[in-house]
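Next come the chains, spelled out residue by residue.
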Amino acid sequence: MSILAKFRGGLSAPRKRKTARSSGIADFFQSSRIVAAFIFFVTVVAIVGISFVGIHTVNLPVLPNQIASTRIVASESFSYQSAEKTRLAREQIRNRVPRVYRLDYGELRRFESAIQTLLRDLEQLDIEHPRDAPQQAAPAPDDEAGDAGGTTAPDAPPGKPADAKPPPASATPPASATAPTSATPPASPAPRASATADTAPTPSAAPRKSTRLRPPPESPERRAALAAIVDAFNARGPYHAGINDIRTLLNYGDAATRSPLVESALVVLRGLYQEGIHDESPLFAAPGAPGKVAVFRISRPGGVSEQHPVQSIEAAERFLRINLETPGTDSRTLLALFRIFHNGLNPNLVFDSDASERLQEETLKNLQPVTVHVERGQTIVEPGIRVTPEHYEMLEAHRHYLYEHGEAETIAALEFFRRVLFVLAMVIACVVYIRIEDRETLQNNGRLALLALVVIANLGLIRFTYWLSELPYFIQNSSIASLLPYVAPTAIAALLVAILIDTGSAIFMALLVSIFTSVIFGNRLDLLVVTFLASMVGIFFCQQVRRRGSVVRAALLGGLTIAVFALLLGIIDQQPILRVPFTVPGQMLAGLCNGLLTGIIVAGLLPVIEGLFKRTTDITLLELTDFNHPLLRFMQMEAPGTYHHSLVVAQLSENAAAAIGANPLLARVCALFHDIGKTGKPEYFTENQRDRANPHDESNPSLSALIIKAHVKDGVDLALKHKLPRAVIDVIQQHHGTTLIRFFLQRALHQTRLQSSTSAPFSASGTTLPPLAPPPPAGSKPPLPTSGSKFPISAPGSKPPLPASGSKPPILATGSKPPLPSSGSKPPLPATPTPLRPEHLKVIETTYRYDGPRPRFKESTIIHLADSVEAASRSLRRVTPQHLGELIDHIFEERLQDGQLDECPLTLAELARIKDSFARTLLNMLHSRIAYPPADASPKPAPDPREGGG
């Protein structure tokens, strides 16, 4: 079934007309102060319940290394094993357990092997290269040249001249008297070393001259062999023995004499190695004053380690020099022996990592986990300080304890009165702001209920997000719980209010929701700032939004603001960005998802809230401008003249609304639908009659007036059936206000005068009937108004009738067009008002007035004026700025004098701008065009461009 058939069937069938008039109960709820007080009370209670009841600081998402925003106090006494403190204790034990070292004897063995080889080489030198001739015994001076300098030279082979006499017994002490054997370790050298640390080595006896024989001169071959022995000795290690020192050892005696002396020195060296020698690096520095002996833990065979003093290399040198002295040995030989054995003195203390680890593990076996006891009321986290791992661990233990013991819901007594005062102060501040900036909202309980509902619902969603943090999963995963504040959709109320009411109220709602969001999540100032900023960004991009996709885009930009703020805050708090657990990227992603979710929720809720609270958004209005709307299509087919009239009024109204700062889209939509009631009986309106007969010719004036007025109620009926917005219904009711249908009133008065003149030739005492105005001559034009004159007023929205010879007065309706004159018609009745006389009392004026109400808002007033101006402008024979301006001024003045603009909020300045807009728009619409000559006609001079054309 086509649209036209549906409408025709609906019009032909008996129906009950719907009415837009609200019931008494609806009026009571809309304007009662009791209802407003109830809304205020419910709002306060709901905000208190959502923002404070059951809210405690234990579930606040806190991350390590963040700056705490609130104080968290233990609500119950509890104990827990602190892994963090245990870890610190283990680290302290590891640092306090001494490091274990082992003694390395590799250098000692290598030096012993080199010394034994040196002795054998010297012995072989004596055999292969004996001395030439023995010398007589003579005292050998201690400071023989070549010995005191201590110069280094290569090794020399051992040996002794075959004819050399052995030294006297007094010059060669027995081995047992000079040094202990290798099987018997020497006495601890530490006391002696410390006692002689600052003194130079001196012989135990007074200096004396040696009585041994001076060796004979050496042959060149013997000297070369000795040099080769010294070189070979130095090549066996990092040794630097001098040739003179080796010669002194060689000249000490034969092999049997040298061997005990060298063995005694090796015993001293072995003792030093057994004690341990360390270098003088800071790692081995002895604690306390210089000269103290460092004590180290030395590992022994079998895995046992013990504390043991260890000498530095300097102390070991002093000890070696002192303990090489033996009775009967001259100082020259002792000094040479010291310089030779100094090459074998090296640090032998080596760090033993395995033994150190074993010692630490043995020590840590006895370490028990650290147990921390927290008393009730003890502060866990202080506000304004950085959360350390210890604080975070204690907070986690507190959460687990409360969860396991079921006390998370009753951890703290609510400071109910203080919180109620806080909420009450915020709501009162909101009321004061609305009272200052938007008094209409304060006087409309529906708008107050809308504000209260969106705020409470938004806070309810935020509280639901907070409740998720109390679930076991989020308690055990605090890094994920930290994302919840960024997921909370805090901008829903702000965007809804910005679209449905205005941006001023939306800004305050955004601030209100942001404050209570920060309260819910633990008085976080950063959360208050970022949520308010995101809401403001969304409000900015939601101004005059006309597409639902634009709502999602605005909310997504708010989510992007949250993501950027989370990144900057993470950098400031030194949170890991590209490392596990990826907290900052997670917060950024949560902010973007928050914006997308908010946009989807707002776009989905808009139609529901529009229908529930009778609000109209620009999105809905834009959808209604589609010319394929069923009502517009039906009007285009059934009442084409009315449809064209509505289009022109829509253009006039839209331009005028834009000129005074009203809603142009609302004015356009309301103008398109303001005359849809004429589709019920389109033939009764002049603009739709064309060449058809006028049905008003045979009707009573009062009946015609009732039919004309009925198009308002029919329009409301159709608007309600098609669920048009409340603003459109209001414009349908108000676009005529309570104006007079003057044509039919004059017709009724004329008929009454005719009847009175026929039935009563004499009027009542003291009264006379006004003379009937003579009809204008056939074919004449209505006179244009002069200065101070008025136009003849026809039915509102219609053109003045064109008189014709013998025509009857045509019946004009609101917004109708005058019929074309036909031959033989009677002249129309003049539209000049006639004062009522006593004999005219049976003509009731209210019958010929629209039922109203008068225009009550700017867009309705603009359409009310545009409807009359558009109809009257068609009566102008010549459209000039002067004539058009006088016509508009006359209509505006007449509406002001009739009181039609008494209830609208327009100012005189705005009325002046509306006049200018009407004149400019009509001049552009009604411009004249030149008449083009026929193709076969001779060309004529071009018209003056100043007269218009094209």
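All values derive from a computational prediction rather than experimental measurement. (Residues numbered from 1 in each chain as written. Predicted model: local features only at pLDDT ≥ 70, side-chain atom pairs only at ≥ 80, totals over all residues. Heavy atoms only, no water.)

Draft legend 1. Just the overall build of the protein, in detail. Across its full length, the protein carries 35 helices and nine strands. Counting all 950 residues of the protein, 47% fall into the buried class. In the protein, the share of contacts with a sequence separation of at least 24, taken over all contacts with a separation of at least 6, comes to 80%. Approximately 46,100 Å² of the protein is accessible, and the part contributed by carbon and sulfur atoms is 59%. (Helix = DSSP H or I, 4+ residues; strand = E, 2+ residues; numbered from the N terminus. Buried < 20%, exposed > 50% of the residue type's maximum accessible area, 1.4 Å probe, protein only. Contact = heavy atoms within 4.5 Å. Areas by Shrake-Rupley, 256 points an atom, 1.4 Å probe, with all protein chains shown as cover.)

Draft legend 2. The arrangement of helix α9 (residues 243–251) in detail. Counting buried residues along α9, nine of its nine residues qualify, which places the element largely inside the surrounding structure. Among all positions of α9, only I243, N244, D245, I246, R247, T248, L249, L250 and N251 are buried. Residues of α9 that are buried sit in contact with α5 (106–128), α8 (220–235), α10 (255–275) and α12 (331–341).

Draft legend 3. The arrangement of unusual backbone geometry in detail. Cis geometry marks the peptide bond from G852 to P853; its omega dihedral reads 10°. Looking at where P853 falls in the secondary structure, it is placed in the loop between α32 (742–759) and α33 (858–873). Positive phi is not limited to glycine here, since K723 has a value of about 55°.

Draft legend 4. Focus on the pairing of strand β8 (residues 371–374). Along β8, the buried face is formed by V372 and V374; none of T371 and H373, which line the opposite face, is buried. Relative to β8, strand β2 (residues 78–81) runs antiparallel, the two being bridged by four bridges. Residue pairing in the sheet places Y80 in a bridge with V372 of β8. (Pairing = 2+ DSSP bridges.)

Draft legend 5. Spatial organisation of the environment of A315. Checked against the element boundaries, A315 lands in helix α11 (residues 313–323). Using a relative accessible area of 12% as the deciding quantity, one classes A315 as buried. Through-space distance from the C-alpha of A315 to that of I277 is 8.8 Å; in sequence the pair is 38 residues apart.

Draft legend 6. Representation of the confidence of the model for the protein. Within the protein, residue pLDDT values average 74, and 70% of them lie at 70 or more. Segment residues 133–212: pLDDT under 50, and 191 contacts once partners within four positions in sequence are set aside and those in other chains are kept. The model gives residues 836–841 a pLDDT under 50, and that stretch makes 14 contacts with residues more than four places away or in other chains. (pLDDT = per-residue confidence, 0-100.)

Draft legend 7. Here's a closer look at the pattern of salt bridges. A complete count under the given rule lists 27 salt bridges for this structure. Taking the shortest distance from any N to any O, the salt bridge between R270 and E112 comes out at 2.4 Å. Taken together, the residues span a long stretch of sequence, with R270 in helix α10 and E112 in helix α5 at a distance of 158 residues. You'll find R270 and E112 in the same group, each marked buried. Notably, a salt bridge pairs K678 with D675, separated by 3.4 Å at the nearest N-O pair. An identical accessibility class is assigned to K678 and D675; each is buried. Residues participating in the shared-partner salt-bridge network are E112, E263 and R270. (Salt bridge = Lys/Arg side-chain N within 4 Å of Asp/Glu carboxyl O.)

Draft legend 8. Broad picture of the environment of I39. Looking at the element boundaries, I39 is found in helix α3 (residues 33–51). Judged by its relative accessible area of 15%, I39 is buried. Taking the C-alpha atoms as reference points, I39 and L453, separated by 414 residues in sequence, lie 9.4 Å from one another. Those residues in contact with I39 that lie beyond four places of it in its chain are N445, L448, A449 and A452.

Draft legend 9. A look at a nonpolar patch on the surface. Residues L560, V564, L568, I571 and L592 make up a contiguous nonpolar surface patch of about 430 Å² in total accessible area. Ranked by residues supplied to the nonpolar patch, first place goes to helix α24 (residues 548–572) with four residues. Within the element layout of this structure, I571 appears in helix α24. (Patch = residues over 30% accessible without salt bridge, like charges linked within 9 Å, V, L, I, M, F, W, Y side chains within 5 Å.)

Draft legend 10. How the structure looks around the side chain of N458. Note that N458 resides in helix α17 (residues 445–468). Residue N458 is classed as buried on the basis of its relative accessible area, which comes to 1%. Polar side-chain contacts of N458 include one of 2.6 Å to the backbone oxygen of P489. When sequence neighbours within four positions are dropped, the list of residues in contact with N458 reads P489, T490, A491, I492, A493 and V513. (Polar contact = N/O pair within 3.5 Å; in protein donor to acceptor, adjacent residues only side chain to side chain.)

Draft legend 11. Molecular detail of the packing of α3 against α17. Orientation of α3 relative to α17, taken along the N-to-C sense of each, is 10°, at an axis distance of 10 Å. By the angle class used here, α3 and α17 are roughly parallel. Where α3 approaches α17, its residues R33, V35, A36, I39, V42, T43, A46, I47, G49, I50 and S51 are matched on the opposing element by N445, L448, A449, A452, V455, I456, L459, G460 and R463. Split by residue class, the contact of α3 with α17 holds 13 nonpolar, five polar and two charged. (Axes fitted to C-alpha atoms, helices over the stretch in contact; angles between N-to-C directions. Parallel < 35°, antiparallel > 145°, perpendicular 65-115°, else oblique. Nonpolar A, V, L, I, M, F, W, Y, C, P; charged D, E, K, R; others polar.)

Draft legend 12. Broad picture of the side chain of T531. Mapped onto the elements of the fold, T531 is located in helix α23 (residues 525–541). Among the polar contacts listed, one links the side chain of T531 to the side chain of S514, at a separation of 3.2 Å. Apart from residues no more than four positions distant in its own chain, T531 is found in contact with T490 and S514.

Draft legend 13. View of α33. Between its first and last C-alpha, α33 extends 22 Å over 16 residues, near the 22 Å set by a 1.5 Å rise per residue. Counting buried residues in α33 gives 15 out of 16 residues, a clear majority hidden from the surface. (Expected span 1.5 Å × (residues − 1).)

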